[in-house]
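Each chain is listed here by its residues.
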Amino acid sequence: MKDTDEAAVGKLKSIEKYVTTSGIPQPALLKMAKLGAVVDDWMKVADVQISAVQCWTSLEENLGVVPCTVMSMMSDSLLSSACEVDVCGVLGMHALQLASGSPSALLDWNNNYGTDSNKAVCFHCSNLPKHFFKEVQMDFQAIIAGTVGKENTFGTCVGRVKSGPMTFARFSTDDFAGKIRGYVGGGRFTDDPLETFGGAGVVEILNMQKLLRYICENGFEHHVAANFSTVTPMIYEAATNYLGWEMYKHGA
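Note that the structure is predicted; figures quoted are calculated from it, not measured.

Draft legend 1. Local environment of the nonpolar core. Formed by 40 residues in total, the largest nonpolar core has its most connected members in Met32, Trp109, Tyr183, Phe189 and Val203. Sorting elements by how many residues they give to this core places helix α2 (residues 26-46) first, with 5 residues. Beyond its immediate sequence surroundings of up to four residues, methionine 32 is in contact with Ile15, Ile24, Val65, Val66, Thr69, Val70, Met138, Phe154 and Gly155. Core analysis: the second largest hydrophobic core is formed by 21 residues, Phe171, Val231, Trp245 and Met247 among them.

Here's what the structure looks like:
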């Protein structure tokens, strides 16, 4: 694709309108724009509404850019996009988005938050949709910059997650039993102080230690889909009544 291609130029304008790009090299922005234009076109042709992307390190090594902003824009437009090829993760994002009508994100269950057993840090490095942030700007991907070079990692969306109600969900395949199972529940993002990189927020969930015990004992992944909503009953009903999946509803 040429630098002057209409699709690339249009996508570049959309990126610069979507997020603050101060300090980001123009060649990197153009690579993102081309990548985004190609993905947009492919999804329309293939009639695809959600995606799970191998976000590292092939794209950085071969294209020289991270896809985070492109993915953030898709999720913000209700075309949920999950990182690290997490297909089950994007199913959770999509379910939450369908139930709420608002964008979803994929997060890591990360660190404890201080000594509060009901609070934790949720984080990604990040492709969170703009809808999730208080303020957001583009930066480089700090985790893998030391491996592939900072110049190949521009394009992350960095900022603090805003406060508000939260519904979380995770679906996963049970390969031994040949079925899909999951969990769902509610909590809230808080305004507690947090100093870190990427896209991060503090979550508060009642009886969180019980939830974490369930996640660990049942072998669920560290990823969880999240949404600014209170749609736990809808997700639980859809997954159990209509799909026949085994679900744990936290707080029930």
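Draft legend 2. Highlighting the pattern of salt bridges. Taken as a whole, this structure holds 10 salt bridges when the rule is applied. As a salt-bridge pair, arginine 181 and aspartate 174 come within 3.7 Å of each other at their nearest N and O atoms. Take arginine 181: its relative accessible area is 11%, and that puts it in the buried class. The buried category is assigned to aspartate 174, whose relative accessible area is 18%. Between glutamate 217 and arginine 213 there is a salt bridge; the shortest N-O distance is 3.1 Å. Residue glutamate 217 and its partner arginine 213 are located together in helix α7 (residues 208-217), separated by 4 residues, close to a single helical turn. Considered together, glutamate 217 and arginine 213 belong to a single accessibility category, that of exposed residues. Salt bridges sharing partners connect three or more residues here, namely Asp86, Arg170 and Glu221.

Here is what the cut-offs are and how they apply
Residues numbered from 1 in each chain as written. Predicted model: local features only at pLDDT ≥ 70, side-chain atom pairs only at ≥ 80, totals over all residues. Heavy atoms only, no water. Core = buried A, V, L, I, M, F, W, Y, C linked by side-chain atoms within 4.5 Å. Buried < 20%, exposed > 50% of the residue type's maximum accessible area, 1.4 Å probe, protein only. Helix = DSSP H or I, 4+ residues; strand = E, 2+ residues; numbered from the N terminus. Contact = heavy atoms within 4.5 Å. Salt bridge = Lys/Arg side-chain N within 4 Å of Asp/Glu carboxyl O.

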